[in-house]
Amino acid sequence: MTRILKRELDEDRFSRLRLISWWDQEKIAKCRLLVIGAGALGNEILKNAALLGFTQVVVVDLDRIEESNLSRAVLYRAEDLGTFKAESAARAYRSLAPNACVQPVVANVVYGCGLGLFEWSDVILAGLDNREARLWINRSAWKVNRPWIDGAIEGISGVARVFLPGKPPCYECTLGKVDWALLEKRMSCNLLTLEPTVEGKIPTTPTISSIIAGVQVQEAVKLIHGLPTLASKGYVFEGMNHTSYVVEYTENSDCMSHYTLPQIIHLDESSDELTLGTLLDRARQELGPRAVIEFSRDVVQKFKCPACGAEEEVYQPVGSIPFEQAKCSADGQLRAVILLHMFSGEPELRDRPLSGLGLPLLDAFIARAGEQEIAFIPYGDAPRVLGALVAQPADSTPVKS
Ligand SMILES: [Zn+2]
Ligand SMILES: [Zn+2]
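Because the structure is predicted, anything quoted here is derived from the model rather than measured. (Residues numbered from 1 in each chain as written. Chains lettered and ligands numbered in written order. Predicted model: local features only at pLDDT ≥ 70, side-chain atom pairs only at ≥ 80, totals over all residues. Heavy atoms only, no water.)

A. Inspection of the overall build of the protein chain at higher detail. For the protein chain, the helix and strand inventory stands at 13 helices and 14 strands. Expected size for 401 residues packed as a compact globule is a radius of gyration near 21 Å; at 22 Å, the protein chain falls within 12% of this value. Here the C-alpha coordinates of the protein chain stretch approximately 80 × 50 × 45 Å along the principal axes. Each of the 401 residues in the protein chain was classed as buried or not, and the buried ones make up 50%. In the protein chain, 69% of the contacts between residues at least 6 apart in sequence involve partners at least 24 apart. A total of about 18,700 Å² of accessible surface is found on the protein chain, and carbon and sulfur atoms cover 53% of it. Each charge sign in the protein chain was given a centre, from 42 positive and 51 negative side chains, and these centres are 4 Å apart. (Helix = DSSP H or I, 4+ residues; strand = E, 2+ residues; numbered from the N terminus. Rg over C-alpha atoms; globule rule 2.2 N^0.38 Å. Buried < 20%, exposed > 50% of the residue type's maximum accessible area, 1.4 Å probe, protein only. Contact = heavy atoms within 4.5 Å. Areas by Shrake-Rupley, 256 points an atom, 1.4 Å probe, with all protein chains shown as cover. Lys, Arg positive; Asp, Glu negative; His and termini not counted. Charge placed at Lys NZ, Arg CZ, Asp CG, Glu CD.)

Below, the structure written as structure tokens:
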């Protein structure tokens, strides 16, 4: 009786969800969701998130929509062919959830997303098909103390798993020898990308992506309500015989992922406004004269040809450069790669703006002096990455629909 009365008084888009005893629509509306991958899994993740009332969402994907995506992507239409998945997915999300603020980021998560994007989020949901990206997400999520929920599918089977920062075992702990061999195979000896990734070529169906993404988003909902989740465990669904089980992982005490940044400072300036010199000065104000600036990832500073001696400035993250680009245009020789991973005051780099290093926007620059460290993020770039989401604080009152 009271239930019927409440429904009549409070009938809106989410009224049936609110009938679940523990449901808190505000918690969902306030949650900042970072969805990485807008393929088969990403589509189902986003569809579920939109229907459930997540209103603050960033969707990351580098690729464009191809015809083969249309059999596994509820958000895409034939007229979207050739458009960026992130942009079309964001548009479709807004049509399902008109009150939502959804920001597309057209980027590869490993080379094109700064740590500040992970830090912005409350929960990270990943729908990817390669270990390299998962490993990067895992390490990034730990650094900024954010949970992430992974999904993987192949054929008509799949797995969903939840990883909480600071609480091993983590994704990297689950990697075995075969995984590491495959991860290393992607990089040649001089750290350039040797083979194109096989992204999007794994056989999958919309039925299994629906099942696994459903579990992922449901785990996210439970997580933000403080309910027990699949933390450090995997839910495995095997579609041929309908067997499912929960697998437990074991911690690897040598795991490289188990690290959280002690302090993050948002700088008002953008990466165009700050030079390495001014950032180093700021770092030395905080940590003393021995402080140096470390980059989030190694940067290929230049190529040097062993045959003709010519040098070429590059400034792109390691691993993002195709192997062919390393050959000298004059004589075809494979050139040496000169890497940069930190700045300690070298005069020729002092006036280089942070945006001139080839690192993604909202990336973290680590000021270090011995054991002490502070991560600086040039937050003047935030509107370029987060769009209107910048104006939506985490504690804002959600709009009722
Ligand atoms: Zn680990
Ligand atoms: Zn040459």
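B. Up close: helix α4 (residues 40–52). When the terminal C-alpha atoms of α4 are compared, their 19 Å separation across 13 residues agrees well with the 18 Å that a helix rising 1.5 Å per residue should span. With 11 of its 13 residues buried, α4 lies for the most part within the structure. Backbone geometry just after α4 places Gly53 at a positive phi near 100 degrees. (Expected span 1.5 Å × (residues − 1).)

C. How the structure looks around the coordination of the zinc ion (ligand 2). Of the protein atoms, only Cys305 (SG), Cys308 (SG), Cys328 (SG) and Asp331 (OD) coordinate the zinc ion (ligand 2), at distances of 2.2 to 2.3 Å. Angles of 102 to 114 degrees at the metal separate the four donor atoms of the zinc ion (ligand 2), which places the site in the tetrahedral class. When the donors of the zinc ion (ligand 2) are listed by position in the chain, the intervening gaps give C-x2-C-x19-C-x2-D. Taken together, the residues span a long stretch of sequence, with Cys308 in the loop between β10 (292–304) and β11 (311–317) and Asp331 in the loop between β11 and β12 (336–343) at a distance of 23 residues. Note on Cys308: relative accessible area 43%, which makes it partly exposed. (Donors = N, O, S within 2.8 Å, 3.2 Å for Na, K, Ca; no water. Tetrahedral: all angles 85-135°; square planar, octahedral: opposite > 155°, others 65-115°.)

D. Fine view of unusual backbone geometry. With an omega dihedral of 5 degrees, the bond running from Pro168 to Pro169 counts as a cis peptide bond. Considering the arrangement of structural elements, one finds Pro169 in the loop between β6 (157–163) and α9 (177–185). Positioned with a positive phi, His242 is a non-glycine residue whose angle comes to about 55 degrees. As for its position among the elements, His242 is in the loop between β7 (233–238) and β8 (243–248).

E. Structural view of the coordination of the zinc ion (ligand 1). The protein atoms donating to the zinc ion (ligand 1) are Cys170 (SG), Cys173 (SG), Cys255 (SG) and His258 (NE2), with metal-donor distances spanning 2.0 to 2.3 Å. If you look at the zinc ion (ligand 1), its four donor atoms make angles of 99 to 123 degrees with each other, and the shape they trace is tetrahedral. Between the donor residues of the zinc ion (ligand 1), the gaps in sequence give the motif C-x2-C-x81-C-x2-H. Of the two residues, Cys173 sits in the loop between β6 and α9 while His258 sits in the loop between β8 and β9 (264–267), which places them 85 residues apart along the sequence. With a relative accessible area of 9%, Cys173 lands in the buried category.

F. How the structure looks around the pairing of strand β5 (residues 148–154). Counting buried positions over the seven residues of β5 gives six, a clear majority of the element. Here four bridges tie strand β4 (residues 123–127) to β5, and the two strands are oriented parallel to one another. The partner of Leu125 across the bridge, within β5, is Ile149. Taking the sense of rotation as the criterion, the β-α-β connection linking β4, helix α8 (residues 131–143) and β5 turns out right-handed. Where β5 lies against β6, seven bridges are found, and the strand directions are antiparallel. Paired with Ala152 across the strands is Val159, a residue of β6. Connecting β5 to the antiparallel partner β6 that follows it, the hairpin turn spans two residues, and Gly155 within it adopts a positive phi of roughly 60 degrees. (Pairing = 2+ DSSP bridges. Right-handed = clockwise from strand over helix to strand, strands pointing away.)

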